[in-house]
Every structure is written in structure tokens, then in C-alpha cells.
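# Results of the structural survey
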Amino acid sequence: MARAGLSTERLITAAAELADEVGFEKVTLSALARRFGVKDASLYSHVKGLADLRTRLALHAGGELIERIAAAVAGRAGKEALAAFAGAYRGYALEHPGRYAATQIRVDQSLIADSPAMRRTAEITYGMLRAYGLDEPDLTDAVRLLRSTFHGYCALESAGGFGAAREVRASWDKAVEALHLALTHWPRETRNDG
């Protein structure tokens with residue numbers, strides 16, 4: 001029987017807060033149960049186990065991230081949309097390090113297909129890149145470039161990995177400018193249909 005006051009939504013919200021406080025890898029069922037003052041077994045009415053909790057947290061955080069990105073890019077295109085997208089991504093990663101870490105785990109593709117937030121992520125990201133005249137397979141390649149650049153930069157910045165005197169934001173702005181130039185002059189895949 002589910003404990004009064006506990007719900008899956010409350011657990012995931014608490015897990016997101018806990019992730020930001022102690023780190024995604026330290027989010028456990030025991031830590032979450034302690035937060036609610038219940039035994040671990042009480043959580044199993046709401047989640048199947050740790051993997052399920054972490055997957056739900058990843059989908060929750062991914063939804064938050066895309067909402068922030070969607071608001072930032074609304075009404076923008078090209079370089080302006082790219083800069084807004086990048087800024088929203090970086091802001092979320094720095095403000096919510098545990099939730100952001102959750103967005104980086106591998107999630108079963110069937111769950112992604114069933115997630116409105118994940119479908120929206122693809123729509124917004126691919127829509128922004130189509131403004132650069134990209135089609136498949138170049139779209140997928142460009143998405144991978146953006147994700148790896150944004151993630152790498154945010155991971156290094158969060159870990160204090162940039163020690164040079166230059167202001168980190170200035171380097172970020174240059175990286176976004178370089179991505180814009182790369183997307184504008186993308187080496188398009190040539191098709192040999194004959």
C-alpha cells in the first residue's frame with residue numbers, strides 16, 4: 001500500500017533536488033527514503049527500483065531542460081537561436097548539476113519515444129539546425145557535435161577545469177560563434193544514388 005503523501009511525482013521532484021545537492025550518483029532509494037522519513041520498501045509502490053528512479057529522474061530533468069531551451073529559442077533563428085539554445089543549456093547545467101548529470105545517462109529508446117519531452121527535444125533541436133539547411137545524415141552529425149561541445153564545456157567548467165585567466169564566458173561565446181560558422185559551412189554528405 002502506498003504511504004500517504006508519497007507519490008511518484010513527489011519522489012522524482014525530491015530526487016531532482018537531492019541530485020543537485022549531493023550529485024546524481026549519490027541519489028539512492030535509501031537516501032530518498034531518509035528524506036521522507038520512511039523505509040526503503042515504502043518507495044517500491046512508486047518506483048520499481050534504483051534504475052527506474054534514475055530513468056524517471058533523467059526524463060524529468062530532460063523535460064525541464066527542453067522547456068528552458070524552448071523558451072529561449074522561441075521566435076529566433078540561425079545564430080541567434082543557436083546562442084539562445086547554448087545559453088539555456090549551459091545555464092541549466094551550471095544551476096542544476098545533479099539534474100543535468102541525469103540527462104546524460106542512457107535511457108531505453110522505447111521510453112524516449114513515449115516521452116513528450118524527449119520528442120520535443122528532438123523537434124526543437126532539429127528545427128533549429130534545419131535553419132542551417134541541414135538534412136539527414138548531416139542533422140544527426142550536427143546534433144552530436146552540439147551535444148558533445150556543450151556537454152564537454154559544461155563538464156569542464158563545473159569541475160573547475162578552466163584555469164587560464166581569460167573569462168570563461170568569453171570563451172563560451174567564442175565556442176558558440178565557432179559552432180555557428182561550422183554549421184553555416186557544414187561539409188554536407190554527398191549521396192551516391194546511382
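These notes cover the structure that comes with them. Remember, it's a predicted structure, so these values are computed and weren't measured experimentally.

## Some remarks on helix α8 (residues 138-158)
With 21 residues, α8 extends 30 Å from end C-alpha to end C-alpha; this agrees with the ideal 30 Å at 1.5 Å per step. Within the span of α8, buried status applies to D138, L139, A142, V143, L146, F150, Y153, C154 and E157. For α8, the buried positions fall inside an angular range of 140° around the axis, keeping them on one side. Those residues of α8 hidden inside the fold are in contact with α4 (78-95), α7 (116-130) and α9 (168-184).

## Here we look at unusual backbone geometry
Of the consecutive residues E136 and P137, the connecting peptide bond is found in the cis state with omega at 5°. Position of P137 relative to the elements: it lies in the loop between α7 and α8.

## Description of the packing of helix α1 (residues 8-22) against helix α2 (residues 29-36)
Orientation of α1 relative to α2, taken along the N-to-C sense of each, is 110°, at an axis distance of 10 Å. Looking at the two axes, α1 sits roughly perpendicular to α2. Along the contact surface, α1 presents R10, L11, A14, A15, E17, L18 and E21, while α2 presents A31, L32, R35 and F36. Residue composition of the contact of α1 with α2, by class: 7 nonpolar, no polar and 4 charged.

## Looking at the packing of α7 against α8
One way to put it is that α7 packs onto α8 with a least axis distance of 10 Å and a crossing angle of 110°. On the basis of their axis angle, the class for α7 and α8 is roughly perpendicular. Residues T125, Y126, M128, L129 and R130 of α7 pack against L139, T140, A142, V143 and L146 of α8.

## Quick look at the nonpolar core
For soluble globular proteins, nonpolar side chains are generally found buried alongside one another. Formed by 36 residues in total, the largest nonpolar core has its most connected members in I69, L82, L129, F150 and L183. Only α3 (50-73), α4, α7, α8 and α9 provide two or more residues apiece to this core. Here this core takes 9 residues from α4, the largest share from any one element. Ignoring anything within four residues of it in the chain, the contact list for L82 reads M128, Y132, L146, F150, V176, L179, H180 and L183. Counting residues in each nonpolar core, the second largest holds 22 residues, with A15, A19, V47 and L53 among its members.

Rules and cut-offs
Here, residues in each chain are numbered from 1, in the same order as that chain's written sequence. Only residues with pLDDT of 70 or above have their local features reported here, since the model is predicted, and side-chain atom pairs are shown and tallied only from 80 upward, although totals for entire chains, interfaces and linings are computed over all residues. Each side-chain value is worked out from all heavy atoms of the structure, with water and hydrogens disregarded. For the purposes of this entry, the term helix denotes a DSSP run of H or I that reaches at least four residues, the term strand denotes a run of E that reaches at least two, and both are numbered from the N terminus. Expected span, for any helix, means 1.5 Å times one less than how many residues it has. Exposure classes here rest on a 1.4 Å probe applied to the protein chains alone. A residue is buried below 20% of its type maximum, exposed above 50%, and partly exposed in between. Comment: arc refers to directions from the helix axis out to C-beta atoms. Contact between two residues is taken to exist if any of their heavy atoms lie within 4.5 Å; hydrogens are not considered. Note on geometry: axes are lines fitted to C-alpha atoms, helical ones only across the stretch in contact, with angles between N-to-C directions running from 0 to 180 degrees. Angle categories are assigned with fixed cut-offs, so that under 35 degrees is roughly parallel, over 145 is roughly antiparallel, 65 to 115 is roughly perpendicular, and the rest are oblique. Here the nonpolar group is Ala, Val, Leu, Ile, Met, Phe, Trp, Tyr, Cys and Pro; Asp, Glu, Lys and Arg are the charged ones; every other residue, Gly included, is treated as polar. Here, the term nonpolar core denotes a set of buried Ala, Val, Leu, Ile, Met, Phe, Trp, Tyr and Cys residues that are joined through side-chain atoms within 4.5 Å.

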